[in-house]
Amino acid sequence: MEAVDFDPRPALVVAATDDAEEDERIAYLTKAHGVPVNVVDQPALCDVVIPSIVERGDVAIGISTGGAAPVLGRRLRERIESLLPIRMGELVSFARERRGRVAEAITPDGRRGFWERLFSGPVAEAVYDGDMAGAEAGFAASLQTGGLQAGTIHIVGAGPGDPELLTLKALRVLQEADVVLYDNLVSDAVLDLVRRDAERRYVGKKKADHSMAQEDIGALMVSLAAAGKRVVRLKGGDPYIFGRGGEEVDAALSAGFKPDVIPGITAAAGCAAASSIPLTHRGLSQAVTYVTAQGGNGGAPDIDWEALARLQHTIVIYMGVGRARQVAFDLTRAGLPANTPAAIVEKGTLPDQRIIRTRSSELGTAVAEAGVEGPAVLIIGKVAARADGAGLLDLIKEEALAA
Ligand code: SAH
């Protein structure tokens, strides 16, 4: 029998006795035997540091601050965790199982480009969504075309402005996009998160200058995708709330693209949180209605004001700054008590946000006096008395006054 070298020494010693002197003694003994040591909370005595780990299957990322700031290391880990798709490990396995097929079908020169496109295109997307059949179908198709993929369209909600209010999915597609078509409600801080070499195109619509017609935006989106681009149509708030998302989805569908819609935090939700106004609250409001003050052609909206005024609920008015006086008038005439609490939240969730408390009948005056420019929502209902952290005490006082 062949002799086997057996080394009885441990591969690593971790000293963690809660007794600093004892730990130090262990460290010297261990070092004397040539075994690497880690001493908890004593970086100077360590031969090795133990990093925080982020794992997704075979993907492992270690984070170390050299023992100097473990709490910072943990925070970094949380941020990296949130950036990596949950199913990234599955994507790695998916790729591993298909390396052979790629090697057979794609020339060595083309392989790198093939994988790059695969990891940032619809095949990876399907794996992240857990759609393994769709991923395999997309993979098989891309092998046939030598990896040239069709373009994609994502219609993405950018939220009310604060970039931290983006969804993780929105962040990921922004970092994979070739072209981002955005409008004027999308904040600069959100645009900063777009992949550096992606093309950014402003297709915004301000009330006065209709810089690009809706049909043209749809046509542009489709033509870019047809040229193989990963197109992100980035819209303020949520695409399906006063965002014409439905029309853009139709434009994509009619050109043969199945767009992915990624929801965003709508202005009402963002502004409510940022101004401490609960949109519903036991005893104060049982429902919430989002209303636009802007009619289809820029004129008066077709709204059943009586129905709005009757409900015990919260009304959030979008696009209402220019028509605040008329809105106040219509609601009062429809029977809403003139002293119903109201708040105007301007540039909600952005650094220069403003919250103005008022009464439903005085919304027009309040907008004028404060010089509100927007974007802003008008929040009307008893809950608005809680605006800007107004405590329960204030609220009770207000209710007593209103009674
Ligand atoms: N799709 C968007 C709404 C687009 S309509 C969403 O879901 O939020 C544009 C209106 O949204 C503006 O006139 C304003 O009323 C509101 N709005 C958008 N961003 C806002 C913000 N940061 N603060 C206040 N209101 C905002």
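Bear in mind that the values here come from a model prediction, so they are computed numbers and not experimental data.

Rules behind the numbers
- Residues numbered from 1 in each chain as written.
- Predicted model: local features only at pLDDT ≥ 70, side-chain atom pairs only at ≥ 80, totals over all residues.
- Heavy atoms only, no water.
- Near = heavy atom within 4 Å.
- Polar contact = N/O pair within 3.5 Å; in protein donor to acceptor, adjacent residues only side chain to side chain.
- Areas by Shrake-Rupley, 256 points an atom, 1.4 Å probe, with all protein chains shown as cover.
- Helix = DSSP H or I, 4+ residues; strand = E, 2+ residues; numbered from the N terminus.
- Nonpolar A, V, L, I, M, F, W, Y, C, P; charged D, E, K, R; others polar.
- Domains from an automatic or database assignment.
- Contact = heavy atoms within 4.5 Å.
- Buried area = accessible area lost by both parts, 1.4 Å probe.
- Salt bridge = Lys/Arg side-chain N within 4 Å of Asp/Glu carboxyl O.
- Phe/Tyr/Trp six-rings, centres within 6.5 Å; stacked < 30°, edge-to-face > 60°.
- Lys NZ or Arg CZ within 6 Å of the ring centre and 35° of its normal.
- Pairing = 2+ DSSP bridges.
- Axes fitted to C-alpha atoms, helices over the stretch in contact; angles between N-to-C directions.
- Core = buried A, V, L, I, M, F, W, Y, C linked by side-chain atoms within 4.5 Å.
- Buried < 20%, exposed > 50% of the residue type's maximum accessible area, 1.4 Å probe, protein only.
- 1 Å grid on protein atoms, 1.4 Å probe; cavity = no way out; pocket = protein on both sides within 12 Å on 5 of 7 lines; lining within 4 Å.
- Points joined across faces, edges and corners; volume = space filled by probe spheres on them.
- Parallel < 35°, antiparallel > 145°, perpendicular 65-115°, else oblique.
- Left-handed = near helix turned anticlockwise from the far one by under 90°.

Taken together, 18 residues lie near the ligand, and Asp238, Ile241, Thr266, Ala267 and Ala376 sit nearest. In the environment of the ligand, a nitrogen atom lies 2.9 Å from a nitrogen or oxygen atom belonging to the backbone of Pro160. Gly236 has a polar backbone atom sitting 3.0 Å from a nitrogen atom of the ligand. Taking 550 Å² as the accessible area of the ligand by itself, protein coverage stands at 91%. Sorting the residues of the shell around the ligand by element identifies helix H11 (267–274) and strand E14 (376–380) as the ones contributing at least two each. Partitioning the shell around the ligand into residue classes produces 12 nonpolar, four polar and two charged. Residue assignment places the shell around the ligand across two domains, with domain 3 (150–265) and domain 4 (268–402) each supplying three or more.

With that settled, consider the domain arrangement of the protein chain. Where the parts come together, the accessible area they lose is often given as the size of the interface. Entries for the protein chain in the domain assignment read domain 1 (13–83), domain 2 (86–149), domain 3 (150–265) and domain 4 (268–402). Its C-alpha centre places domain 2 at a distance of 25 Å from the equivalent point of domain 3. Counting residues at the interface gives eight residues for domain 2, matched by 11 residues for domain 3. For the pairing of domain 2 and domain 3, the buried interface totals around 680 Å² over both sides, and the portion due to carbon and sulfur atoms is 39%. Counting every contact that joins domain 2 to domain 3 gives two salt bridges. Here Lys169 ties to Asp129 by a salt bridge, and the two come within 3.3 Å at their closest N and O atoms.

Another point: the environment of Leu378. Topologically, Leu378 is positioned in strand E14. Measuring from C-alpha to C-alpha, the distance between Leu378 and Ala293 comes to 10.0 Å, with 85 residues separating the pair along the chain. Beyond its immediate chain neighbours, meaning those up to four positions away, Leu378 contacts Ile315, Val316, Ile317, Gly320, Ala324, Ala343, Ile344 and Leu363.

Further remarks concern the side chain of Asp23. Mapping Asp23 onto the fold places it in helix H1 (residues 20–32). A distance of 2.7 Å separates polar atoms of two side chains, one belonging to Asp23 and the other to Thr17. Excluding its chain neighbours within four sequence positions, the residues that come into contact with Asp23 are Ala15, Ala16, Thr17, Asp18, Val39 and Gln42.

With that settled, the discussion passes to the packing of aromatic side chains. Summed over the entire model, instances satisfying the criterion amount to seven aromatic pairs. Cation over ring: Arg98 sits above Phe94, and NZ or CZ is 3.6 Å from the ring centre.

On to the sheet that holds E14. Strand order across the open sheet formed by five strands is E10-E11-E14-E12-E13, with mixed pairing between neighbours. In this open sheet, the two strands that pair with only one neighbour each are strand E10 (288–292) and strand E13 (354–359). Ignoring strand direction, the axes of neighbouring strands in this sheet form an average angle of 20°. Inspection of the sheet shows strand E12 (residues 341–346) paired to E13 by six bridges, in the antiparallel sense. In the strand pairing of E13, Glu346 is matched with Arg354. Each of E12, E13 and E14 is contacted by helix H14 (residues 363–370), which is oriented at about 145° to E13, the strand it contacts most.

One finds Ile317, Leu331, Ile344, Leu363 and Ile380 to be the most contacted residues of the largest nonpolar core, which totals 25 residues. Secondary-structure elements contributing two or more residues to this core are helix H12 (305–310), strand E11 (314–318), helix H13 (324–333), E12, H14 and E14. With four residues, H13 is the single largest residue contributor to this core. Residues within four places of Ile380 in sequence aside, it is in contact with His313, Thr314, Ile315, Ile317, Leu331, Leu336, Thr340, Pro341, Ala342, Ser360 and Leu363. Of all hydrophobic cores here, the second largest spans 20 residues; its members include Val54, Val102, Ile106 and Trp115.

Space inside the second largest pocket adds up to approximately 600 Å³. Lining the second largest pocket we find 29 residues, and of these Pro122, Val123, Glu125, Thr152 and Lys258 sit closest to its centre. Looking at the lining of the second largest pocket residue by residue, the class counts come to 12 nonpolar, 10 polar and seven charged. Shared between two domains, the lining of the second largest pocket holds at least three residues of each, these being domain 2 (86–149) and domain 3 (150–265).

The next point concerns the sheet that holds strand E9 (residues 260–262). Spatial ordering of the open sheet is given by E7-E6-E8-E5-E9, a layout of five strands whose pairing is parallel. A strand with exactly one partner marks an edge of an open sheet, and here the two such strands are strand E7 (199–202) and E9. Sheet twist, expressed as the mean angle between neighbouring strand axes with direction ignored, is 20°. The pairing of strand E5 (residues 152–157) with E9 spans three bridges and is parallel. Its bridge partner lying in E9, His154 is registered against Asp260. Strands E5, strand E8 (230–235) and E9 of the sheet are contacted by helix H10 (residues 245–254), whose axis makes an angle of about 175° with E5.

So, on to the packing of helix H9 (residues 214–226) against H10. Taken N-terminus to C-terminus, the directions of H9 and H10 make an angle of 45°; their axes are 9 Å apart at the nearest point. Between H9 and H10, the angle falls in the class oblique. The handedness of the crossing between H9 and H10 is right-handed. Across the interface between the two elements, Gln214, Ile217, Gly218, Met221 and Val222 of H9 pack against Glu247, Glu248, Ala251 and Ala252 of H10. Of the residues assigned to the contact of H9 with H10, the class counts are five nonpolar, two polar and two charged.

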